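Residues per chain, in single letters:
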Amino acid sequence: MQVVAATTLNFAMKTAVIIQARMASTRLPGKVLRTLAGATVLAHVIERCRAIRGADVVCCAVSDDRDSDPVAREAERVGAAVFRGSEHDVLDRYWQAANWLGADLVMRVTSDCPLVDPEVCDAVLDLQRSTGADYACNNMPPSWPHGLDCEACTFAWLTRAHREAVRPSEREHVTPFIRNHPEARKVNLPGPGGDAVHHRWTIDHPADFTFLTEIFSRLPPGRGGWHWQVPFGIVSAEPELAMINRGFDRYEGLRKSLAEDARRMQTGVNHGLDS
């Protein structure tokens, strides 16, 4: 009876996949509205996230600046719920969206990963549910191509992060507070490892868009090309493709935020984000 009750409670929990998106981008402005194989980058991400079996709702958390209005319209057109929130305090935007949705479990996906695999996302959700962990991901340590990253946390821990996180890196990148907290129970879904970890399937630079254009021109139509092994097979057969955008720092954005953390600590600046 206890097992049945626990299982029923688990299935009653609401799981929301929240995709963060905005128009602004330092290195490639408007990247989520660029077109790959006849659809925007954002449309590819949303369509794949809607295929995640363990998700009850897919929401696009769009920054509330007017420049991002086209992003919100595109998200609505593709069928995602849309929440508008802080452009720079992304953790607040996530928490507000999750609270609005009434989510118990939140999966985070970024809008610049058009090759995100629904089956990998499902495996991360299954891992969280089977272990009861507070946080589950597939990149601690990295063992998948960059662009398949996803993570899930309980709303309780997202709320704690929202209340207690103070560093710029924690507010901008949503989950560092949880990932680094000693009290959070964390699990990781291992990937294929090896050379796969060096492949870059996200879009942040012009070279990334060139690479993804080549990949999408080779993918089979429909869901037949969604499994991560399909693009991996393409780059394995044509290794020169992977050289188009190889060499960029996987953690470029996070490193910049960490540098801002250090600058604030050294100067004693306090703008409401520092303790």
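Residues numbered from 1 in each chain as written. Predicted model: local features only at pLDDT ≥ 70, side-chain atom pairs only at ≥ 80, totals over all residues. Heavy atoms only, no water.

A. Fine view of the overall build of the protein chain. Scanning the protein chain from N- to C-terminus turns up 12 helices and nine strands. Split into buried and exposed, the 275 residues of the protein chain put 54% on the buried side. Sequence separation of 24 or more characterises 72% of the internal contacts of the protein chain that already satisfy a separation of 6 or more. As displayed, the protein chain offers around 12600 Å² of accessible surface, 54% of which is attributable to carbon and sulfur atoms. (Helix = DSSP H or I, 4+ residues; strand = E, 2+ residues; numbered from the N terminus. Buried < 20%, exposed > 50% of the residue type's maximum accessible area, 1.4 Å probe, protein only. Contact = heavy atoms within 4.5 Å. Areas by Shrake-Rupley, 256 points an atom, 1.4 Å probe, with all protein chains shown as cover.)

B. Highlighting the packing of aromatic side chains. Counting across every chain of the model gives four aromatic pairs. Relative to tryptophan 100, the ring of phenylalanine 83 lies with its centre 5.7 Å away and its plane at 45 degrees, an arrangement referred to as tilted. With phenylalanine 83 in strand E5 (residues 81-85) and tryptophan 100 in helix H4 (residues 90-101), this residue pair connects regions lying 17 residues apart in the sequence. In this structure phenylalanine 83 comes out as buried when scored by relative accessible area, which is 16%. On the accessibility criterion, tryptophan 100 (49% relative accessible area) is partly exposed. Consider the rings of tryptophan 228 and phenylalanine 232, whose centres lie 5.6 Å apart with planes at 55 degrees: the pair is tilted. (Phe/Tyr/Trp six-rings, centres within 6.5 Å; stacked < 30°, edge-to-face > 60°.)

C. The arrangement of helix H2 (residues 41-49) in detail. Here H2 lies mainly inside the structure; eight of its nine residues are buried. Within H2, burial applies to Val41, Leu42, Ala43, His44, Val45, Ile46, Arg48 and Cys49.

D. Structural context of the confidence of the model for the protein chain. Mean pLDDT over the protein chain works out to 90, with 86% of the residues at or above the 70 mark. Every residue in residues 1-11 scores below 50 in pLDDT, and together they form one contact with partners more than four places removed in sequence or on other chains. A low-confidence stretch, residues 270-275 stays under pLDDT 50, and its non-local contacts, those more than four residues away or across chains, total 11 contacts. (pLDDT = per-residue confidence, 0-100.)

E. Representation of empty space enclosed by the protein within the structure. Evaluated as defined, the whole model comprises one cavity of 30 Å³ or more. Every residue lining the largest cavity is listed: Tyr94, Val106, Arg108, Glu151, Ala152, Cys153, Leu158, Val174 and Thr175. Looking at the lining of the largest cavity, the elements that each hand over two or more residues are strand E6 (105-110) and strand E8 (151-154). A per-element tally of the lining of the largest cavity places E8 first, with three residues. Its residues assigned to classes, the lining of the largest cavity shows six nonpolar, one polar and two charged. (1 Å grid on protein atoms, 1.4 Å probe; cavity = no way out; pocket = protein on both sides within 12 Å on 5 of 7 lines; lining within 4 Å. Points joined across faces, edges and corners; volume = space filled by probe spheres on them. Nonpolar A, V, L, I, M, F, W, Y, C, P; charged D, E, K, R; others polar.)

F. Geometry of the pairing of E5. Of the pairings in the sheet, the one linking strand E4 (residues 57-63) to E5 comprises five bridges and is parallel in character. Counterpart to cysteine 59 in the pairing with E5 is alanine 81. Note that the unit made of E4, helix H3 (residues 69-78) and E5 has a crossover that is right-handed. (Pairing = 2+ DSSP bridges. Right-handed = clockwise from strand over helix to strand, strands pointing away.)

G. Inspection of the side chain of arginine 200 at higher detail. Tracing the backbone through its elements, the reader meets arginine 200 in the loop between strand E9 (186-188) and helix H9 (206-216). A distance of 2.7 Å separates the side chain of arginine 200 from the side chain of aspartate 208, its partner in a polar contact. (Polar contact = N/O pair within 3.5 Å; in protein donor to acceptor, adjacent residues only side chain to side chain.)

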